[in-house]
Amino acid sequence: MRGLLLVVSGPSGVGKSTIIEEMLAGVRTGRECVFSVSMTTRPPREGEIEGVNYRFVTRERFQRGIENGELLEYAEYAGNYYGTPAPPVFQAMERGKCVILDIELKGVLQVKKHMPEAVTVYIRPPDWDELAKRLRGRGTENEALVVERLEIARRDFEHIGSFDYVITNGDVKTAALELANIVDS
Ligand code: 5GP
């Protein structure tokens, strides 16, 4: 069975990582799914674990990753760099697994260009005002960064038509089931 690259994207605060975690922990899929741990220069948030949520690196280390061709894709987002280390993705795909990427739009477009067989999913909020409230309520970013993230979200939303699937995150369990259905289809 050939591997599957499942690329999940959507506005900051919409619940992408919660849906992915819920699917990985709670929904049985026809093939084994693994999460691709990105490299980032963003400092860890409270509760985030090195090597689980992200590989937290310096700008110098990230730059070296770019120069060495270690990254499948990368982008600058709200002042920090984020990128997908390529080797773990290819290794898991060679074993027939489904590899799940949680990345922003510029990264999605790079992946689609190099690997057109990748399946892309946009997670949208049921209500944009709710999203803004949730992002502020989360308290992980200061107001200027919240505003920047919301602006990026609105701009990126214009590209919703480039995605293969769209899931509305009204309820995490339902959204996780919909994501699993996409894997199985
Ligand atoms: P956060 O700082 O909230 O964890 O992530 C900010 C944004 O960066 C999110 O939209 C997330 O999907 C995206 N992101 C996380 N990892 C990567 C990556 O490896 N590459 C790209 N292009 N975006 C990423």
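Keep in mind the model is a prediction, meaning the values are calculated, not measured.

Asks: So what's going on with the packing of aromatic side chains? Which residues, and what values?
Replies: In this description, a pair of aromatic rings is defined by centroid distance and the angle of the planes. Summed over the entire model, instances satisfying the criterion amount to 8 aromatic pairs. Taken together, the ring pairs in this structure connect Tyr-54, Phe-56, Tyr-77 and Tyr-82 into an aromatic cluster.

Asks: Which residues make up the site of the ligand, and what values go with them?
Replies: Neighbouring residues of the ligand: 16 residues in total, closest Ser-38, Arg-42, Tyr-54, Tyr-82 and Asp-102. Note that an oxygen atom of the ligand is positioned 2.6 Å from one of the side-chain N or O atoms of Tyr-54. Measuring from an oxygen atom of the ligand, one finds a backbone N or O atom of Gly-83 at 3.1 Å. Coverage of the ligand by the protein amounts to 95% of the 510 Å² it exposes when considered alone. Among the detected pockets, the ligand sits in the largest pocket. Looking at the shell around the ligand, the elements with two or more residues in it are β5 (71-77) and β6 (80-85). Its residues assigned to classes, the shell around the ligand shows 5 nonpolar, 4 polar and 7 charged.

Asks: Tell me about the layout of surface pockets, residues and numbers included.
Replies: In this structure, the largest pocket spans a volume of roughly 940 Å³. Lining of the largest pocket is provided by 42 residues; of these, Lys-16, Ser-17, Arg-45, Tyr-54 and Asp-102 occupy positions nearest its centre. Of all the secondary structure elements, the ones that give two or more residues to the lining of the largest pocket are α1 (16-26), β5, β6, α5 (128-138) and α6 (143-157). It is α1 that provides the largest number of residues to the lining of the largest pocket, a total of 6 residues. Partitioning the lining of the largest pocket into residue classes produces 17 nonpolar, 13 polar and 12 charged. Its boundaries defined by the atoms lining it, the second largest pocket holds a volume of some 160 Å³. Forming the boundary of the second largest pocket are 13 residues, of which Arg-42, Pro-43, Thr-140, Glu-141 and Leu-145 lie nearest the centre. Elements supplying a minimum of two residues to the lining of the second largest pocket: β6 and α6.

Asks: Describe α5, naming the residues involved and giving the relevant values.
Replies: Within the span of α5, buried status applies to Trp-128, Leu-131, Ala-132 and Leu-135. Seen from one end, α5 has its buried residues packed into an arc of 100°, which puts them on one side. What points out from α5, more than 90 degrees from its buried face, is the exposed set Asp-129, Lys-133 and Gly-137. The inward-facing, buried residues of α5 abut β8 (119-124) and α6. You can read the cap of α5 off the contacts: a side-chain oxygen lies 2.8 Å from the backbone nitrogen of Asp-129, and it is on Asp-127. Looking one or two residues past α5, Gly-139 carries a phi angle of roughly 65°, positive in sign.

Calculation notes
- Residues numbered from 1 in each chain as written.
- Predicted model: local features only at pLDDT ≥ 70, side-chain atom pairs only at ≥ 80, totals over all residues.
- Heavy atoms only, no water.
- Phe/Tyr/Trp six-rings, centres within 6.5 Å; stacked < 30°, edge-to-face > 60°.
- Near = heavy atom within 4 Å.
- Polar contact = N/O pair within 3.5 Å; in protein donor to acceptor, adjacent residues only side chain to side chain.
- Areas by Shrake-Rupley, 256 points an atom, 1.4 Å probe, with all protein chains shown as cover.
- 1 Å grid on protein atoms, 1.4 Å probe; cavity = no way out; pocket = protein on both sides within 12 Å on 5 of 7 lines; lining within 4 Å.
- Sits in = over half its atoms within 2 Å of the grid points.
- Helix = DSSP H or I, 4+ residues; strand = E, 2+ residues; numbered from the N terminus.
- Nonpolar A, V, L, I, M, F, W, Y, C, P; charged D, E, K, R; others polar.
- Points joined across faces, edges and corners; volume = space filled by probe spheres on them.
- Buried < 20%, exposed > 50% of the residue type's maximum accessible area, 1.4 Å probe, protein only.
- Arc of directions from axis to C-beta.
- Contact = heavy atoms within 4.5 Å.

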